[in-house]
There are 2 protein chains.
Amino acid sequence: MDSRSERKHQAILEAATTVFLDKGYERTSMDDIAKLAAVSKQTVYKHFSDKEKLFAEIVLATTDRIDGTIDLVADVPADADGLEENLTKLARQFLTALTQPQVIQLRRLIIANADRFPQLGAAWYEQGFERVLATLTATFERLTAQGLLKTDDPMLAAHHFSGLLLWIPVNRAMFHGSPQHSEADLDRYAAGGIRAFLAAYR
Amino acid sequence: MDSRSERKHQAILEAATTVFLDKGYERTSMDDIAKLAAVSKQTVYKHFSDKEKLFAEIVLATTDRIDGTIDLVADVPADADGLEENLTKLARQFLTALTQPQVIQLRRLIIANADRFPQLGAAWYEQGFERVLATLTATFERLTAQGLLKTDDPMLAAHHFSGLLLWIPVNRAMFHGSPQHSEADLDRYAAGGIRAFLAAYR
DNA sequence: CTTCGGAACTAGACCGTACAGTACTCGTTG
DNA sequence: CAACGAGTACTGTACGGTCTAGTTCCGAAG
């Protein structure tokens, strides 16, 4: 189905995503969205009953986009010699993915509205965050079974992996308006994080 | 000085802090603040030229409250036998301090407005976040000099310490409206984090 | 202690603007 | 032609900030 109605619907979703990410929930007006979608306000209301519904829709839609990160985290080769290298590469890609301005803005948007829309924050945490952690946990279980890692508690190891890598750069990004990290920074975070991780879990 | 004017000023600051933390910047009206402070709107504007100034003031005022956490992190006894115990205790207190609902709400408030008030986010990051990290770095340098730890890069170790402990619980709290952590959860996070930390840095 | 004057405060009306959501008319597209 | 959509005017409300008219506090002078 690619009817006119479908196309409008899509245009509205995209426009809404852009504007909400850019200006946040409160400062985004339905007129802004209609204008950017090149659609009349009436049409917006034909497709989405009100502003809250539209917001919920676009936030939940973004949980799909996490699949790339999931794949990333699932595909670590079991290669004894290259383990550190492979994990560092994973770490590097993980960092790149999670410090994308769009991703940071999305995090900000959801966190900012976590008290107003608690079910949204919770849903995003479960379907985004925890899915990645679960996949990472499975990966560590596998690597442990293959004797490459020693993780008594693979879920805890997955938490630690993420924390070692992400705490500093993600927080920096969250508290600053514009991006803060050079490629070299990310390289250093990845290498340092993996060194500590392997010291603890190999 | 405890003049009437001073008292009103203080009442306004307190009321503003409460309401901003509760409802966020946009959804807080100056009438709300005036009402809670039991003060007329005119008086609010006599003390603070506009809403933005008032907001900036209350956010910057909170950076002072971090001193407790700084002290916490500075005072780790140099005791070879009890090192793990001492660090776990520190970790536990660190976790408790940073998962306080008020602290989480403040984080949310600042992050939510980091794009609208970039200088506020940056200031809070530097004067809050980085000051704690610097103190922790100094502590690890000291413990390394005393042969209790082995941190080539004490600043990186401080980053890792925080990340191991805080990534999961703080994120959980940020994405959910109300508190999520039992005492037992915090105990587990502290013990697990310190075990990994010592494996990497002892 | 009383009185007086000015500064600070109160209560609420008021202005301008922004915005969610609706209504209506006219054009366009399938 | 029939449904959909554009454009736009409109309604009701909320809010930042100002204004006015009267009230309370407080220190100093008599």
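Residues numbered from 1 in each chain as written. Chains lettered and ligands numbered in written order. Predicted model: local features only at pLDDT ≥ 70, side-chain atom pairs only at ≥ 80, totals over all residues.

Looking at an unreviewed UniProt entry, chain A carries the name TetR/AcrR family transcriptional regulator, with the source organism given as Streptomyces sindenensis.

Draft legend 1. View of the overall build of chain A. Per the secondary structure count, chain A includes 10 helices and 0 strands. N-terminal to C-terminal, the α/β element order of chain A is α-α-α-α-α-α-α-α-α-α. Summarising its shape, the C-alpha atoms of chain A cover approximately 60 × 35 × 30 Å along the three principal directions. Across the 202 residues that make up chain A, the buried fraction comes to 37%. Excluding contacts between residues fewer than 6 apart, the proportion of contacts in chain A whose partners are at least 24 apart in sequence is 66%. (Helix = DSSP H or I, 4+ residues; strand = E, 2+ residues; numbered from the N terminus. Buried ≥ 20, exposed ≤ 12 C-beta atoms within 10 Å, placed from the backbone. Contact = placed C-beta atoms within 7 Å.)

Draft legend 2. Focus on helix 10 (residues 183-201) of chain A. Compared with an ideal rise of 1.5 Å per residue, which puts 19 residues at 27 Å, helix 10 of chain A spans 26 Å between its outermost C-alpha atoms and is within 8% of the ideal. Those residues of helix 10 of chain A that sit buried are Y189, A190, G192, G193, I194, A196, F197, A200 and Y201 of chain A. Looking at the buried residues of helix 10 of chain A, the elements they touch are helix 6 (83-98) and helix 9 (154-175) of chain A together with helix 9 (154-175) and helix 10 (183-201) of chain B. (Expected span 1.5 Å × (residues − 1).)

Draft legend 3. Structural detail: the protein's contact with DNA strand D. The immediate surroundings of DNA strand D are formed by 18 residues, with S40 and T43 of chain A together with S29, D50 and K51 of chain B found nearest. Top element by residues in the surface near DNA strand D is helix 3 (residues 41-47) of chain A. It accounts for 4 residues. Of the residues in the surface near DNA strand D, the class split is 3 nonpolar, 6 polar and 9 charged. (Near = placed C-beta within 6 Å. Nonpolar A, V, L, I, M, F, W, Y, C, P; charged D, E, K, R; others polar.)

Draft legend 4. Geometry of the protein's contact with DNA strand C. Taken together, 18 residues form the shell around DNA strand C, and within it S29 and D50 of chain A together with K8, S40 and T43 of chain B come nearest. Going through the elements one at a time, helix 2 (30-37) and helix 3 of chain A together with helix 1 (4-23) and helix 3 (41-47) of chain B are the ones with two or more residues in the surface near DNA strand C. Per-element tally for the surface near DNA strand C: the top contributor is helix 3 of chain B, with 4 residues. A per-class count over the surface near DNA strand C returns 3 nonpolar, 6 polar and 9 charged.

Draft legend 5. Quick look at the interface of chain A and chain B. Contacts between the two partners involve 33 residues from chain A, matched on the other side by 33 residues from chain B. Contributing elements (two or more residues each) for the side of chain A that touches chain B: helix 7 (101-112), helix 8 (118-145), helix 9 and helix 10 of chain A. In terms of residues, the side of chain A that touches chain B owes the most to one element, helix 9 of chain A, which gives 13 residues. Classifying every residue of the side of chain A that touches chain B by side-chain character gives 19 nonpolar, 9 polar and 5 charged.

Draft legend 6. How the structure looks around the relation of the copies chain A and chain B. If you rotate chain A by 180 degrees and push it 0.0 Å along the axis, it lands on chain B with an RMSD of 0.1 Å. Both chain copies can therefore be described as sitting about a two-fold axis. In this assembly, 100% of the residues forming the interface of chain A have copies in chain B that are likewise at the interface, indicating an isologous arrangement. (Least-squares fit on C-alpha atoms with pLDDT ≥ 70 in both.)

Draft legend 7. Representation of the nonpolar core in the model. Judged by nonpolar contacts, the single largest core of 108 residues is most densely connected at I110 and L165 of chain A together with I110 and L165 of chain B. Setting aside residues no more than four positions away along its own chain, I110 of chain A makes contact with V59, L120, G121 and W124 of chain A together with F175 of chain B. (Core = buried A, V, L, I, M, F, W, Y, C linked by C-beta atoms within 7 Å.)

Draft legend 8. Quick look at the UniProt feature "DNA-binding region" (unreviewed entry) in chain A. UniProt's entry tags residues 29-48 of chain A with the feature "DNA-binding region" (unreviewed entry), counted in the numbering of this structure. What you have in residues 29-48 of chain A is 75% helix and 0% strand, and the ends, taken at the C-alpha atoms, are 14 Å apart. (UniProt positions renumbered as here; feature names shortened; annotations may be inferred.)

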